[in-house]
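Letter by letter, the chains look like this.
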Amino acid sequence: MVLKTGAGVLADRRRLPTALRAVLGYYADTGVFDAGSLSLKSEIDERTEAMVNDVTDRIEDALEDEFGRPVEFSYDTKLILPAQLTLGYVYRNARQQAPGDPVIDAIADGVPTVDETALEQGPAQDLAPREMVVRAEQMTRLSIEALIDGDMRDAINDDEFEDFKVDFDASEADRRRVAEVAQSALQSHLDGLLEDMPPVVENAYQWAVDYSEAHQDRDDYFRELMTAAEDGDADALTDIREAYKFAEYDEEPATLTETEKELPYSKTQYARVGVLYDGMLDLYRLAGLDIDDEFAKAIVLAIIGAQVWLDDVDDYDDDRAEGQLTPVTAEYLLAPDDEAAYRRVVDVTEQYLDLAKSYATAADSPLTGVAVEYIYRSGDPDVLPGKPE
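Conventions and cut-offs
- Residues numbered from 1 in each chain as written.
- Predicted model: local features only at pLDDT ≥ 70, side-chain atom pairs only at ≥ 80, totals over all residues.
- Heavy atoms only, no water.
- Helix = DSSP H or I, 4+ residues; strand = E, 2+ residues; numbered from the N terminus.
- Buried < 20%, exposed > 50% of the residue type's maximum accessible area, 1.4 Å probe, protein only.
- Contact = heavy atoms within 4.5 Å.
- Areas by Shrake-Rupley, 256 points an atom, 1.4 Å probe, with all protein chains shown as cover.
- Core = buried A, V, L, I, M, F, W, Y, C linked by side-chain atoms within 4.5 Å.
- pLDDT = per-residue confidence, 0-100.
- Polar contact = N/O pair within 3.5 Å; in protein donor to acceptor, adjacent residues only side chain to side chain.
- Axes fitted to C-alpha atoms, helices over the stretch in contact; angles between N-to-C directions.
- Parallel < 35°, antiparallel > 145°, perpendicular 65-115°, else oblique.
- Left-handed = near helix turned anticlockwise from the far one by under 90°.
- Nonpolar A, V, L, I, M, F, W, Y, C, P; charged D, E, K, R; others polar.
- Patch = residues over 30% accessible without salt bridge, like charges linked within 9 Å, V, L, I, M, F, W, Y side chains within 5 Å.
- Salt bridge = Lys/Arg side-chain N within 4 Å of Asp/Glu carboxyl O.
- Lys, Arg positive; Asp, Glu negative; His and termini not counted.
- Charge placed at Lys NZ, Arg CZ, Asp CG, Glu CD.

Focus on the overall build of the protein chain
The secondary structure content of the protein chain amounts to 17 helices and two strands. Residues counted as buried form 52% of the 389 residues belonging to the protein chain. Taking all contacts inside the protein chain whose residues are at least 6 apart in sequence as the whole, residues at least 24 apart take part in 71%. Carbon and sulfur atoms make up 46% of the accessible area of the protein chain, which amounts to about 17800 Å² in all.

Structure (structure tokens):
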């Protein structure tokens, strides 16, 4: 108990690195400390960085064709975190089943390369640990490319291009052109990969994309609601509450139960980002990998919480100015004053992240639990108006 209390005190010291504070905070909250998971994180980061580099190379080739000269492209996104955590989850399970297996350790170092025909026979049951990590690698490569493709689609839809950089002084029109070229190159490659897989894999991927794009198609409607609410339209406020904050699901989510469906903004944020990760986890399952329901819920809730706590909080001023409805801008319209809105944003975030952390612990995935803690401790709600004195 003393150790957990001390860890909690240290976790609240902002001068310490956020990663360390996350480890200490998760231990203080749950009593779970797994040194092996910390080592595993470094391995997973190296493997997935190599996968992202492969995607970047593909994008740079397309940009060179488009602009007639080499273009350096760099990409910074938190959205591949769930793929990293899922790969780590499978690696940990495989190593627990086959401790010290040199082939599994070699795969973590990038040898051998993933067998691109691993799924030709469809999902298999009771995979051997070595086959588990090979298939997990393949699905992680596919997922990372699909997630970056989806992020580029969102950037184009929202006219927000801050997540990537190029090595020339790009105008807004240039940045849109870069995003469109990158997205087209990724989509073309993804289509080729999916054609080589069983139809059920492509169907699962397309279902998630269609579900997400249906939400994007309502963006103009939500913008109209926000504009009307800003002008004092009481009916618009009611519609924001009913159609955005507490919207009912018209198609059941694959992972979430009644508990998660009743969270504020559950339906709209599931459609905005959560469904893409539900679809991603389906790909792993279709590859014959055992993905626990609690782990899946932890991933979906964590990414929704991260979207609100990191992106929507940071972008509040811009989103308010541009008429972009998010859970954060919605609360500043629905709440009676700025302080109440501030408290509600914190409360909504904590509901998602606390549940995510509890599910990560139930799934025996300390790496995911620490990641959730890291998300929470990386947020800066003080940029919002109405901070309580």
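Quick word on the nonpolar core
Counting 119 residues, the largest nonpolar core has Phe73 and Ile240 as the members making the most contacts within it. With near-sequence residues (within four places) excluded, Ile240 lies in contact with Leu225, Met226, Ala229, Lys245, Leu325, Ala330, Leu333 and Leu334.

Here we look at unusual backbone geometry
Positive phi outside glycine occurs at Tyr265, with the angle close to 70 degrees. Counting through the fold element by element, Tyr265 comes out in the loop between helix H11 (258-261) and helix H12 (266-286). Backbone geometry places Asp364, a non-glycine residue, at a positive phi of 55 degrees. Counting through the fold element by element, Asp364 comes out in the loop between helix H16 (338-362) and helix H17 (366-378). You can call Asp364 partly exposed: its relative accessible area is 41%.

Comments concerning the confidence of the model for the protein chain
Across the protein chain, the average pLDDT comes to 85, with 86% of residues at or above 70. Element-level pLDDT for the protein chain is lowest in helix H1 (residues 2-11), with a mean of 47, against a maximum mean of 98 in helix H15 (residues 327-334). Here residues 1-6 is a poorly scored stretch, pLDDT under 50, and it has five contacts once near neighbours within four places are set aside; other chains count. In the predicted structure, residues 111-124 sits below a pLDDT of 50 and forms 27 contacts with residues beyond four places in sequence or in another chain.

Looking at the side chain of Gln324
Turning to its location among the elements, Gln324 is positioned in the loop between helix H14 (316-322) and H15. Looking at Gln324, its side chain comes within polar contact range of the side chain of Asp219, at 3.1 Å. Other than its neighbours up to four places away in sequence, Gln324 contacts Asp158, Asp219, Arg223, Met226, Asp319 and Thr329.

What about the packing of helix H6 (residues 129-158) against H12?
Where H6 contacts H12, the axes come no closer than 9 Å and their chain directions differ by 155 degrees. When the interaxial angle is binned, H6 and H12 end up roughly antiparallel. Judged by the twist between their axes, the crossing of H6 over H12 is right-handed. Along its contact with H6, which presents Ala136, Met139, Thr140, Leu142, Ser143 and Leu147, the element H12 presents Tyr277, Met280, Leu283 and Tyr284. Classifying every residue of the contact of H6 with H12 gives eight nonpolar, two polar and no charged.

Details of a negative patch on the surface
A surface patch of negative charge is lined by Asp76, Glu162, Asp163, Glu172, Asp317, Asp318 and Glu322. Per element, the largest residue contribution to the negative patch is three residues, and it comes from H14. In this fold, Glu322 is placed in helix H14.

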